[in-house]
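Tertiary structure, described
Here's the letter readout for the chains.
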Amino acid sequence: MKKDEVLKYLAETLSFARTLERFPSLTCDKLKSVLLEASSQFKEVPPKTHTKTDNLTFYIDGASRGNPGKAAIGVVVMNGSGHVIDGLKRYIGETTNNMAEYQALIEALTEGKRLGGKSVRVFSDSELMVRQINGVYKVKDSKLLDLYKEAKSLISGFSDFKIDHITRDKNSEADSLANEALDNHLKEA
């Protein structure tokens, strides 16, 4: 009787009784020992939890293939210690790149609220959106204006908020998430 054969049979049948019948020399105590030994080989991975944190950092990106075209967002969520705690990606339909950038910001701010963040910092490679949110540029497009107002409303719920423009090469993780969401949608379509 090999331990891996016992474990495989048990996994296939999900029956202790049938496993004990299949391997007559196996006792309940021996089966328990085999299972305990096998379980010790696995590292316990703590469940992915979203604990409340006061300080959050987000790297965000919106992507549109065609402008307008099929679009998606990517959001990297980091805690106050700078550790990545989540990555969000979602296909958002057909829209412009600028609208996708705003959708990514709204997703990040919504996640920040859900996580109980008080101080939020956002990094984006969309110079237009960052300058609009910071009041440097006016929002002239009526569709963008609705998203701008939604974002500003969410921002007002944080005690501290800052958004900064970064170059595309410093936003590769969020960009990858947005493109993965697009690729996954195109595969399914």
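Located above this text is the structure these notes cover.
Residues numbered from 1 in each chain as written. Predicted model: local features only at pLDDT ≥ 70, side-chain atom pairs only at ≥ 80, totals over all residues. Heavy atoms only, no water.

What follows concerns the sheet that holds strand β1 (residues 55–66). Pairing between sheet strands relies on hydrogen bonds along the backbone, with the strands arranged either parallel or antiparallel. The mixed open sheet is built from five strands, whose spatial order is β3-β2-β1-β4-β5. Only two strands of the sheet have a single neighbouring strand rather than two, namely β3 (84–95) and β5 (160–165). Ignoring which end each strand starts from, the neighbouring axes of this sheet average 20 degrees apart. With six bridges connecting them, β1 and strand β4 (residues 119–124) associate as parallel partners. Across the sheet, residue Y59 finds its bridge partner in β4, namely F123. With respect to the sheet, helix α4 (residues 97–114) is in contact with β1, β2 (69–78), β3, β4 and β5, its orientation differing from that of β1 by roughly 155 degrees. Set on the sheet, helix α7 (residues 172–188) makes contact with β1, β2 and β3; between it and β2 the angle comes to about 140 degrees. (Pairing = 2+ DSSP bridges. Helix = DSSP H or I, 4+ residues; strand = E, 2+ residues; numbered from the N terminus. Axes fitted to C-alpha atoms, helices over the stretch in contact; angles between N-to-C directions. Contact = heavy atoms within 4.5 Å.)

As a further point, take the pattern of salt bridges. Scanning the model with the defined rule gives nine salt bridges in all. One salt bridge in this structure joins E111 and R114, with 3.0 Å as the shortest N-O distance. In this pair, E111 and R114 are both assigned in helix α4, three residues apart and thus about one turn of the helix distant. A salt bridge links D164 to R121; the nearest nitrogen and oxygen atoms lie 2.6 Å apart. Residue D164 is found in strand β5, and its partner R121 is found in strand β4; the two are separated by 43 residues along the sequence. (Salt bridge = Lys/Arg side-chain N within 4 Å of Asp/Glu carboxyl O.)

Our focus in this paragraph is the pairing of β2. Of all ten residues in β2, nine are buried, a share of seventy percent or more. In this sheet, β2 lies alongside β1 in antiparallel orientation, the contact comprising ten bridges. When the sheet's bridge partners are listed, G62 is paired in β2 with I73. In terms of strand pairing, β2 meets β3 through ten bridges, oriented antiparallel. Within β3, the position partnered with V75 by the bridge is L88. Hairpin connection of β2 to β3: five residues between the antiparallel strands, including G82 at a positive phi of 85 degrees. (Buried < 20%, exposed > 50% of the residue type's maximum accessible area, 1.4 Å probe, protein only.)

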